[in-house]
Structure formats: structure tokens, C-alpha cells
Amino acid sequence: MRHLRLFEYIDAIVREGSVRRAADKLYVTASALDRRLQDLEEELGTPIFERHARGMRLTAAGEIYVNYIRHHIAESQRVQSEILRLQGMQRGQVAIAVSPALATDFVPSVVRLFRARHPGISFLIRVAQHEVAMQHLLSFDVDLAIIIAPPKHPDVFDLAVVKQPLLAAMDKDHPLAKTGSLRLSDCLQYPLVLPSTGLTTREMLEGALHPLGRDVRIAAETNSYEVMRGLLHGTDQIGFVLSTGRNQRENSNVLLFRQINAREIHPVPIICAQLRNRGLSVAAAQFSHLVIQEMESMYMED
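Every value quoted in this text rests on a predicted model; they were computed, and no experiment measured them.

Caption draft 1: Examining the overall build of the protein more closely. When you go through the protein residue by residue, the secondary structure sums to eleven helices and twelve strands. In terms of overall dimensions, the protein has a C-alpha envelope of 70 × 50 × 30 Å along the principal axes. Evaluated residue by residue, the protein yields a buried proportion of 48% over its 302 residues. Long-range contacts, defined here as pairs at least 24 residues apart, represent 75% of the contacts in the protein between residues at least 6 apart. Accessible area of the protein: about 15,500 Å², with a carbon and sulfur share of 50%. Averaging the locations of the 34 positively and 34 negatively charged side chains of the protein gives two centres separated by 3 Å.

Caption draft 2: Structural view of the packing of aromatic side chains. According to the stated counting rule, one finds six aromatic pairs in the structure shown. Taking the centre distance of 4.9 Å and the plane angle of 65 degrees together, the rings of Phe 123 and Phe 287 count as edge-to-face. Residue Phe 123 is found in strand S4 (residues 121–127), and its partner Phe 287 is found in helix H11 (residues 282–301); the two are separated by 164 residues along the sequence. Phe 123 sits in the buried class, given a relative accessible area of 17%. With relative accessibility at 0%, the residue Phe 287 sits in the buried group. Grouped by ring-pair contacts, the aromatic residues Phe 7, Tyr 65 and Tyr 68 constitute a single cluster.

Caption draft 3: Representation of helix H6 (residues 130–138). Within the sequence span of H6, burial applies to His 130, Ala 133, Met 134, His 136 and Leu 137. Buried residues of H6, seen end-on, are gathered within an arc of 155 degrees and therefore sit on one face of the element. The inward-facing, buried residues of H6 abut strand S3 (92–98), S4, strand S5 (144–148), strand S6 (156–164), helix H8 (200–209) and strand S12 (268–275). Phe 140, located one to two residues past H6, shows a positive phi value of around 65 degrees.

Caption draft 4: Fine view of the sheet that holds strand S7 (residues 166–171). Taken in spatial order, the five strands line up as S9-S8-S10-S7-S11 in an open sheet, and their pairing is mixed. Two strands bound the open sheet, and with one partner strand each, they are strand S9 (218–222) and strand S11 (255–259). Across this sheet, the average inter-strand angle for adjacent strands is 30 degrees, counted without regard to direction. Strand direction decides the pairing type here: strand S8 (residues 192–195) and strand S10 (residues 238–242), joined by two bridges, are parallel. Among the inter-strand pairings, Leu 192 is bridged to a residue of S10, identified as Ile 238. Of the strands in this sheet, S7, S8, S9 and S10 touch H8, which is tilted by about 120 degrees from S8. The strands that helix H9 (residues 225–232) touches are S7, S8, S9, S10 and S11; relative to S10, the one it contacts most, it runs at about 145 degrees.

Caption draft 5: A look at unusual backbone geometry. For Tyr 27, which is not glycine, the phi torsion reads 60 degrees and is therefore positive. Here Tyr 27 is to be found in the loop between helix H2 (19–26) and helix H3 (30–44). The exposed category is assigned to Tyr 27, whose relative accessible area is 77%. In this structure, Phe 140 is a non-glycine residue whose phi angle is positive, near 65 degrees. The topology assignment puts Phe 140 in the loop between H6 and S5.

Caption draft 6: Molecular detail of the sheet that holds S5. One open sheet accounts for five strands, arranged S4-S3-S5-S12-S6; its pairing is mixed. Of all the strands in the sheet, just S4 and S6 have a single pairing partner and so form its edges. Between one strand axis and the next, the sheet turns by 20 degrees as a mean value, whatever way the strands run. The sheet contact formed by S3 and S5 spans three bridges and is parallel. In the sheet register, Val 98 faces S5, and the bridge partner there is Ile 146. Strands S3, S4 and S5 of the sheet are contacted by helix H5 (residues 106–117), whose axis makes an angle of about 170 degrees with S4. Strands in contact with H6 are S3, S4, S5, S6 and S12; relative to S5, the strand with the most contacts, it is inclined by about 165 degrees.

Here is what the cut-offs are and how they apply
- Residues numbered from 1 in each chain as written.
- Predicted model: local features only at pLDDT ≥ 70, side-chain atom pairs only at ≥ 80, totals over all residues.
- Heavy atoms only, no water.
- Helix = DSSP H or I, 4+ residues; strand = E, 2+ residues; numbered from the N terminus.
- Buried < 20%, exposed > 50% of the residue type's maximum accessible area, 1.4 Å probe, protein only.
- Contact = heavy atoms within 4.5 Å.
- Areas by Shrake-Rupley, 256 points an atom, 1.4 Å probe, with all protein chains shown as cover.
- Lys, Arg positive; Asp, Glu negative; His and termini not counted.
- Charge placed at Lys NZ, Arg CZ, Asp CG, Glu CD.
- Phe/Tyr/Trp six-rings, centres within 6.5 Å; stacked < 30°, edge-to-face > 60°.
- Arc of directions from axis to C-beta.
- Pairing = 2+ DSSP bridges.
- Axes fitted to C-alpha atoms, helices over the stretch in contact; angles between N-to-C directions.

Below you can see the structure in the form of C-alpha cells.
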């Protein structure tokens, strides 16, 4: 346990970028923390931090050591979780990183379902674009990532993958409401509420809009799917969301959703992933099973 406390100290220095800020977060004195660091570097026979006026930066040896300690911290948490399993999963936490498009309905609904079964389990949920979410996973900040079209990484293992289409979202009384599958050119007749630059759905749209060479009337841009849905109600504007199998059910009294022709915009993968060779806690493993079930159900519905 003393080694684990030292590991947590070093990890805090890395995350905070300075001994002083790490000491404040850990409720220890900066001088005591610095002594622990110096003792460790002397034991290892090499510095693990470069000290600069603006803070601390890992050396090459430090990168190796921090990867080692984060693995052991995660493994310790998993062992503690195994012990908690003997008590019926009465306590514990699951940390997840999720794409913004999944943070409005899909992930909250799965978390609610899980906590209804296991009320003693709490959640830490980080909403981030896929590259940042992947970094959270690689840095041992989260147990699982539930994200859209992430970049491939050799240390990340996909537990489940489903491909979902892009949907045009509109008011239930919109002129296109009675249309089945839409072409993107149909949508361009109306003002658009677009996802913000950098979001996966925006990247998909830009790739499909460019060949059309048409002017786009933009009513608004937002990184909030809730804001987008609010802007559509009672207007002729059209927004865009990734299908999660719940869009239609939860908003059917206000909005309608129509699939964009798959030849114009290909379905995009939604992925539940974990670090390769990292053992999950009992709670995280059970939650991953539920996510996979819900993803498979989502695929069947669409």
C-alpha cells in the first residue's frame, strides 16, 4: 500500500504539472512531496522529471515509469473491485469517456439502467471528442470509451462495434416530414442547424456536402445536441444526429428523424473499447456487458 501511495503521488505530479499543485490536491506539503520524488529518483538512478520554470515534464525514463505505475494503480483498483464483488457490488465506480453525440440519450439511458440494478455503483463520465476520449483511455483516466469513429490504436481493444446512419432531424410538421429516406440535396432547400466544427457528424457532413457544390444556409452551429433539437421545434430548419435507436422514441412527440441516403453519407461506427491487457473492475466489466447488449439492440432497431 505504501508503494501505491507513492504511485499516486507521482501520477498527481504528472497530471498537475507541478509539485506544488499536486501537493495541494493530495493535501500534503510541497516539500514532503518533493522529498519523496527525490528519494525515488535516487533509487531509480535517473531523473524522471525535467524541472522547468513553468512546471515539470517527464523524461524518457519518466514516461516508462509512469506507464508502469498507472498499470499497477489500475490493477489495484481491479483487485479491490474483485473483493467488493464478494459483497454483491454494493460499492464502486465506473469511469467512462463518451462522444458528445452519445451523451444526450444513449449513454445516460444505459447508466440509468445499470444503476437501477446496482445503486451502489457511481459513475465518472467525461464527454469529449474521440481523440481526447482515446487519450483518457490510454492515460488510465477511464475504464471504457464509448465513442464514434475513433482513430485506431494498437493498445486499444474494441469490445463492440455497430455502424449507425446519419439522420436528418426536423419538426414533426416540417414539409419533408412525410418523406422517407432523404437525399442531402433535399435538406439543402432549408436552413441547417449544423454540429460544431470538430465533431464527427460535422466531418461526415462536410465530406458529403463538398461534392454537391451547393450553398448552405446555416441557421446555427452548436456542439450541444439538446440545443440543436430545441432550435428545430416549430421551424423549417433541419439538423443532423447520429442514430442511436432512441432518437425516434424519446422525441417522437416533437421531432421526426429521417435517414440520409447511405450512398451519400456512409453509416459510421460506434465503438465500446477498453485498453488492451488491462483488467476491468467487476463493475466496469458488468457495465461493458450492458453497453454491448444495448448497442446490439440499437443496431437491431435501426
